[in-house]
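So you can see what is in the structure, the chains are spelled out below.
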Amino acid sequence: MTAHKGQRSFPELLELARRLGASDAAHVAPSGICIEDELAGLCVEPQCENFGASANCPPHVLGPNGFRELLKIYSQAVVFKLEVPSSILFSPVERLEVFALLQEIAAGVEQAAIKIGQTRSKGFAGNCCKVLFCSDHPRCRVLHEGGKCRNPHLARPSMSGFGINVSKLMEAAGWPLKIAGEKTVDTSTGTLCGLILIG
Ligand code: SF4
């Protein structure tokens, strides 16, 4: 999907996402980002094991209502995806490396957007940065020491804490969602995706 008429497209950001490792990237309109309270509620019940573990996870993020407010100031967004073999998505260690890459791409595209003058740009990904980047530390520095994030160039919030419907996001980007292990579709790969609000 291309940016709406009158909006500036940033092909260099799509290219950067691909260069950093994304299988593909696309522009979407913020109106294509669907927020559902129930999805964010899944972080609480059944409670995710990472609930409260980092400054990028609920209850320390804006949540669905905050994200709806945030969206009002953006006129465009970039979505990117990673097509990942199911064997990796279900592995205990390699899957974490893939989620780390997902967060790294979101952070990289966000920072590139800021450099070209889109200074309010924000990246979102999946999983928990405490697990991905701070597993050698007992606690999140931001939450427990009042300090700066140890990994500002890598760590980004998970979309799940805001209730972002990833299936609809991928639909908005024009991509079919593959759920690893699902019997009705090709089970050899699954799709993860990340989001950068550009503005
Ligand atoms: S300090 Fe570690 S756990 Fe806390 S926000 Fe940064 S990467 Fe995440």
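Rules and cut-offs
- Residues numbered from 1 in each chain as written.
- Predicted model: local features only at pLDDT ≥ 70, side-chain atom pairs only at ≥ 80, totals over all residues.
- Heavy atoms only, no water.
- Phe/Tyr/Trp six-rings, centres within 6.5 Å; stacked < 30°, edge-to-face > 60°.
- Helix = DSSP H or I, 4+ residues; strand = E, 2+ residues; numbered from the N terminus.
- Buried < 20%, exposed > 50% of the residue type's maximum accessible area, 1.4 Å probe, protein only.
- Pairing = 2+ DSSP bridges.
- Axes fitted to C-alpha atoms, helices over the stretch in contact; angles between N-to-C directions.
- Contact = heavy atoms within 4.5 Å.

Peer 1: Kindly report on the packing of aromatic side chains, identifying the contributing residues and their values.
Peer 2: According to the stated counting rule, one finds three aromatic pairs in the structure shown. An angle of 80° between the planes, with centres 5.2 Å apart, marks the rings of Phe67 and Phe124 as edge-to-face. Of the two residues, Phe67 sits in helix α3 (residues 63-71) while Phe124 sits in strand β3 (residues 122-124), which places them 57 residues apart along the sequence. A single burial state applies to Phe67 and to Phe124, both of which are buried. Ring geometry for Phe124 versus Phe162: centroids 5.2 Å apart, planes at 85°, classification edge-to-face. Of this pair, Phe124 sits in strand β3 while Phe162 sits in the loop between α7 (141-145) and α8 (166-173), and the two are 38 residues apart along the sequence. For Phe124, a relative accessible area of 3% corresponds to the buried category. Taken together, the aromatic side chains of Phe67, Phe124 and Phe162 make up a single cluster linked through ring pairs.

Peer 1: Talk me through the sheet that holds strand β4 (residues 189-198); I want residue IDs and the actual numbers.
Peer 2: Strand order in the open sheet made by the four strands is β1-β2-β4-β3, with antiparallel pairing throughout. Each edge of the sheet is formed by a strand with only one pairing partner; in this case those strands are β1 (24-28) and β3. Each strand axis lies, on average, 20° off the axis of its neighbour in the sheet, ignoring direction. Judged from the five bridges that link them, β1 and strand β2 (residues 76-85) form a sheet pairing that is antiparallel. Residue pairing for β2: Asp24 is matched across the bridge by Lys81. The strands touched by helix α1 (residues 11-19) within the sheet are β1, β2 and β4, with β1 carrying the most contacts at an inclination of about 150°. Sitting on the sheet, α3 is in contact with β3 and β4, with an inclination near 55° to β4.

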